[in-house]
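Here is how the chains run, residue by residue.
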Amino acid sequence: MTRAVLNFEHVAVRYHENRPPALNDVSFAIHPGERVALFGLNGSGKTTLFLAAVGLVPYEGIITVGGQVLGKKSLAEVRSKIGFLFNVPEDQLLFPRVVDDVAFTLIRKGAPAPEARQKALEALASLGADSLAERPPHELSHGERLRTALAGILVGNPLLLLLDEPSAGLDPPAKKRLARQLGDCPSAMLVATHDISFARLSCQRCIMLEHGRIVLEGQSFDEVETRWDLYGR
Ligand SMILES: Nc1ncnc2c1ncn2[C@@H]1O[C@H](COP(=O)(O)OP(=O)(O)OP(=O)(O)O)[C@@H](O)[C@H]1O
Ligand SMILES: [Mg+2]
């Protein structure tokens, strides 16, 4: 059995002592190259699960990334293995020009500036966003910012991608293109989404959360649809 890229063992997150936990006894593993969709209604714990995986919220249980247990000492190293797309992409755009923002992922890892810029331009082009390269992120539309943030993550070829609603607000051709691109991407990934057709295109299996617990895990996206139909009645 290959070593899991991401492993949760009985993980729980409590934001408040007197409220139910946001994540409750969550255990699963993602193996190299696997693309897994994370479903769940609003408030079911998807973003909380991601925050726990990068050590941004306190948790109980054990989380390992690439075989390394997440903890205070390993935090920086574990985070360097993960590409995390925030739910609000503008929160992760820091530089005055798009291309510099994307290139920073590589510069931070020691790449020479011209090489980082070239790779940043290629990453933007692969997302149909090369025309944005010289623009300031604060002037961009939501979908354009999303593509910029995604380019900054994909350019680093991380071991694990955590993508929090990556297709939200993208136009249909951009969604298809992104799904194809994620399908070609060698990184293991967990993709939180409400978009089942996007998930079918981009992921091989799924996990579904309900009130912070895993209620469904497998390859059947139809079961997710069935549950959604039930919720909607
Ligand atoms: N910082 C916080 N403090 C207290 N409670 C929080 C905090 N962040 C999230 N929660 C609560 O934890 C639960 C899970 O929230 P979370 O954001 O993980 O849900 P989600 O599945 O990502 O939802 P959505 O689909 O709306 O993004 C919710 O009940 C939410 O109100
Ligand atoms: Mg969320």
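In case you missed it, the structure is sitting above this.
Residues numbered from 1 in each chain as written. Chains lettered and ligands numbered in written order. Predicted model: local features only at pLDDT ≥ 70, side-chain atom pairs only at ≥ 80, totals over all residues.

Chemist: I keep staring at the sheet that holds strand β9 (residues 205-210) and nothing clicks. Help me out?
Modeler: Each strand in a sheet pairs with another by means of backbone hydrogen bonds, the pair being arranged parallel or else antiparallel. Spatial ordering of the open sheet is given by β6-β7-β8-β3-β9-β10, a layout of six strands whose pairing is mixed. For this open sheet the edge positions go to β6 (82-85) and β10 (213-218), each flanked by a neighbour on one side alone. The sheet shows a mean angle of 15 degrees between the axes of neighbouring strands, taken without regard to direction. With five bridges joining them, strand β3 (residues 35-40) and β9 adopt parallel strand pairing. Within β9, the residue paired with V36 across the bridge is R205. Helix α8 (residues 221-231) rests against β3, β9 and β10 of the sheet, and its axis sits at about 25 degrees to β9. (Pairing = 2+ DSSP bridges. Helix = DSSP H or I, 4+ residues; strand = E, 2+ residues; numbered from the N terminus. Axes fitted to C-alpha atoms, helices over the stretch in contact; angles between N-to-C directions. Contact = placed C-beta atoms within 7 Å.)

Chemist: Whenever I open this one, the environment of V65 confuses me. Can you help?
Modeler: Topologically, V65 is positioned in strand β4 (residues 60-65). Given 24 C-beta atoms within 10 Å, V65 falls into the buried group. For V65 and V224, which are 159 residues apart along the polypeptide, the C-alpha to C-alpha distance reads 27 Å. (Buried ≥ 20, exposed ≤ 12 C-beta atoms within 10 Å, placed from the backbone.)

Chemist: It is not clear to me how the sheet that holds strand β2 (residues 23-30) should be interpreted in this structure. Could you clarify?
Modeler: In spatial order, the strands read β2-β1-β4-β5; together these four strands make up an open sheet with antiparallel pairing. Only two strands of the sheet have a single partner each, and these edge strands are β2 and β5 (68-69). Across five bridges, the pairing between strand β1 (residues 6-13) and β4 is antiparallel. Along β4, the bridge assignment pairs A12 with E60.

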